[in-house]
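Here are the chains, one letter per residue:
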Amino acid sequence: LDNLHNRNLILKARQLGMSTFGVLYLLDQVLFNENIAAGIVSYSIEHAQHIFKRIIGHALDTLPKEIKPLSGILQRSAREISFNNGSSLRVDTTLRGGSYPLVLVSEFGKTCARNPQKAEEVITGTLQAVPRDGTIIIESTAEGSEGFFAEMVLDAARRGNQDISNLEYKLFFYNWMEEPSYVLEEKVNYDVSLTDYFTKIEKETNTIIHQDQKNWYAVQTKILGDKIKQEFPSTVNEAFLASSDAFYFSEGIAKAYNENRCLYTPLYDALLPVYVAMDIGVNDLTVMAFFQIAHGEIRVIDYYEDNNKGVDFYAKFLLQEKKYLYHTIFLPHDSTKRDALDVSNTYERDFRRLFSSTGTRFHVLKRMDKQLSISHAKVKLDRCVFNVSRVKPFLDKVNKYRKTWNEAQGRYLEEPFHNEASNYADCFRYVCQAVGHLETVTAMGGALDKHKKVVEARTKMVW
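Residue indices begin from 1 for each chain and proceed along its sequence in written order. This being a predicted model, a pLDDT of at least 70 is required before a residue's local features are given, and a value of 80 or more before pairs of side-chain atoms are given or counted; all residues contribute to the totals for chains, interfaces and linings. For side-chain calculations, the full set of non-hydrogen atoms in the structure is used, while hydrogens and water are omitted.

**Thoughts on the overall build of the protein**
The helix count covers DSSP runs of H or I at least four residues long, the strand count covers runs of E at least two residues long, and both are numbered beginning at the N terminus. Of the regular secondary structure elements, the protein holds 17 helices and 19 strands. Relative accessibility under 20% of the residue-type maximum defines a buried residue, over 50% an exposed one, and the middle range a partly exposed one, all with a 1.4 Å probe and only protein chains included. Counting across all 463 residues of the protein, residues that qualify as buried make up 52%. By the convention used here, residues are in contact when the closest approach between their heavy atoms is within 4.5 Å. Counting contacts in the protein only where the partners sit at least 6 residues apart, residues at least 24 apart contribute 71% of the total. Accessible surface area values rest on a Shrake-Rupley calculation with a 1.4 Å probe, where residue burial reflects the displayed protein chains alone. Entry remark: accessible area of the protein is about 23200 Å², with carbon and sulfur atoms responsible for 50%.

Put into structure tokens, the structure is as follows:
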């Protein structure tokens, strides 16, 4: 309250009262100031009704009798209250029309994850209508790395809160360690990985985590599993690396980072063949990933993307710009469709013709059930190593591949949500499908078994 700015972002752990603070702050402003229109945006009708009845309604109904006459309610509907001082307060899932110099967006992370269109409407509509000297408060727990909230928070964290204009967002972060009630005196047994985690967080945050806090966190971890970092983050970045039911590959990518499989050192080995997997789009985005395989390790060494280009362009690019020694280029199952830029050719036929003077092979991947393909890719992800100095944008987009939210059913469907991330995720699925093909038809499977036996033997050695 003492440090509020014109534009405010609040990232927080659960059950810290930040939503209630934001609601009551707006209520105070309209109660004790004239001619102020305030609006609260919620992620669902049910949450909006909860805010209106349980927080605003309770506060108004239980005002001390000395100041109750000041409330002067003229009209009180299901979603809006008007006061006799000319001020008003509205709660809804979106604010259409009118001007609101005071706006609270509650649990914006959920809106971004569940309904990107509504989130975009909040950003481009509601928030843009708030004047420069108005006040915006956006508060939420993290809900995966997808959407405006994650981007805004991470951008504010990188920039810092020093010397910001009144149109830039000030970041407030409240981790679970700051809440005095998140403690447990009873002793709890937990494994060494959690001990290492506490040591790491203490070093990163320059904080001492007391044993009763560790006990509490350990119990919550047993209950929530990987969701603990989303619901009770220790750092800003950790909140958005956490897995979510909405995101297909976020858990595997977070694991790759934790296991140091996301490297800034070159992975390319000139003695190993290079393979390419492509997701082709003529009037859409085309994404291609370059990878190698070494004893079962899938090394994603490079990627490329472009829009509205034909086969000639990509063939020329591969031959003249990305001068790897290509063994096989894997094309998606629909590459036998006719090229929209030249109806006399197909993608596959054109690629074979343009590469005829090279030793490069082409293989069209079979159509695979999408859910089965996603599950297959999740398994292969545990063997992937990424050269993030080259492929980080690709990896970030794959991380944002998510399920479709069904508002009527109030849950995520087992159906991918089609957005820009879909092209990158499809390309990654093709990489994994290509690896499966190579290990089936070549000696790679034997090399992988040999690699596994060496690893097992190493673990059994007595030192």
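**A look at empty space enclosed by the protein**
Unoccupied space between atoms shows up once a probe the size of one water molecule is rolled over them. Note on definitions: the grid is 1 Å and covers protein atoms alone; a cavity is a set of points where a 1.4 Å probe fits but cannot get out; a pocket is an open set with protein on both sides within 12 Å along at least five of seven lines; lining residues have an atom within 4 Å of a point. Grid points are joined across faces, edges and corners, and a volume is the space filled by probe spheres set on the points. Counted according to the given criterion, the structure contains two cavities of 30 Å³ or more. Roughly 40 Å³ of internal volume is contained in the largest cavity. Around the largest cavity, the lining residues are Ile45, Ala48, Gln49, Phe52, Ala78, Arg79 and Val91. The greatest single-element share of the lining of the largest cavity, amounting to four residues, is contributed by helix H2 (residues 45-61). Put simply, Ala, Val, Leu, Ile, Met, Phe, Trp, Tyr, Cys and Pro go in the nonpolar bin, Asp, Glu, Lys and Arg in the charged bin, and everything else, Gly too, in the polar bin. Of the residues belonging to the lining of the largest cavity, the class tally is five nonpolar, one polar and one charged. The space that makes up the second largest cavity amounts to roughly 30 Å³. What lines the second largest cavity is Met278, Ile280, Lys309, Gly310, Val311, Tyr314, Tyr347 and Phe351. If you list the elements that add at least two residues to the lining of the second largest cavity, you get helix H12 (311-320) and helix H13 (347-354).

**Topic: the sheet that holds strand E3 (residues 73-76)**
The strand order across the open sheet built from eight strands is E3-E4-E5-E2-E6-E7-E1-E8, with neighbouring strands paired in mixed fashion. Edge positions in the open sheet fall to E3 and strand E8 (170-174), since each of these has one partner strand only. On average, each strand axis in the sheet is tilted by 10° relative to the strand beside it, whichever way the strands run. For every element, the axis is a line fit to its C-alpha atoms; helices are fit only across the contacting stretch, and the angle between N-to-C directions ranges from 0 to 180 degrees. Where helix H6 (residues 148-159) meets the sheet, its contacts fall on strand E1 (7-12), strand E7 (135-140) and E8, and the angle it forms with E1 comes to roughly 100°. Pairs of strands are assigned from DSSP output, requiring at least two bridges between the strands.

**Concerning the nonpolar core**
Residues Phe249, Phe291, Phe386, Phe394 and Phe428 are the most contacted members of the largest nonpolar core, which totals 38 residues. For this core, the secondary-structure elements that each account for two or more residues are helix H11 (250-258), strand E10 (274-279), strand E11 (285-294), strand E12 (297-307), helix H14 (370-381), strand E17 (384-387), helix H15 (388-399) and helix H16 (420-441). Among buried residues, those of type Ala, Val, Leu, Ile, Met, Phe, Trp, Tyr and Cys that are joined through side-chain atoms within 4.5 Å constitute a nonpolar core. Grouped together as the second largest cluster of nonpolar side chains are 29 residues, Ala37, Val103, Met152 and Ala156 included.

**Re the side chain of Thr360**
Along the chain, the position of Thr360 falls in the loop between H13 and strand E16 (361-364). Its relative accessible area of 13% is what places Thr360 among the buried residues. In the analysis that follows, any N or O atom pair within 3.5 Å is treated as a polar contact, provided that within protein one partner can donate a hydrogen and the other can accept it, and provided that, for residues neighboring in sequence, both atoms belong to side chains. Here the side chain of Thr360 touches Tyr326 through a polar contact of 3.4 Å, landing on its backbone oxygen. The contact partners of Thr360, leaving out residues within four places of it in the chain, are Tyr326, His327, Ile329 and Phe355.

**With respect to H15**
The terminal C-alpha atoms of H15, which comprises twelve residues, lie only 13 Å apart, well short of the 16 Å expected from a rise of 1.5 Å per residue. Those residues of H15 that fall on the buried side of the exposure criterion are Val388, Val391, Phe394, Leu395, Val398 and Asn399. Around the axis of H15, the buried residues are gathered within 140° of arc, so they sit on the same side. Here the buried face of H15 lies against H11, strand E9 (262-263), E11, E12, E17 and H16. Each residue after the first adds 1.5 Å to the expected span of a helix. By definition, the arc is the one covered by directions from the helix axis to the C-beta atoms.

**A few points about the side chain of Gln220**
One can find Gln220 in helix H8 (residues 211-224). Given a relative accessible area of 18%, Gln220 falls into the buried group. Beyond its immediate chain neighbours, meaning those up to four positions away, Gln220 contacts Gly225, Ile228 and Phe232.

**Concerning the pattern of salt bridges**
Within this document, salt bridges are pairs made up of a side-chain nitrogen of Lys or Arg and a carboxyl oxygen of Asp or Glu, the two lying within 4 Å of each other. Here the structure, examined in full by the defined rule, presents 22 salt bridges. For Arg90, the salt bridge identified is with Asp92, shortest N-O distance 2.8 Å. Looking at Arg90, the relative accessible area reads 22%, which means it is partly exposed. For the salt bridge of Arg429 with Asp426, the shortest nitrogen-to-oxygen distance reads 2.7 Å. Taken together, the positions of Arg429 and Asp426, both in helix H16 and three residues apart, correspond to about one turn of that helix.

**Examining the sheet that holds E9**
Strand order in the open sheet made by the seven strands is E9-E17-E12-E11-E10-E13-E16, with mixed pairing throughout. Of all the strands in the sheet, the pair left with one neighbour each is E9 and E16. Relative to strand E13 (residues 326-331), E10 runs parallel, the two being bridged by four bridges. Across the sheet, the residue bridging to Val274 is Tyr326, located in E13. Contacting E9, E11, E12 and E17, H15 crosses the sheet at an angle of about 65° to E12.

Worth remembering: the numbers are spatial, not functional.
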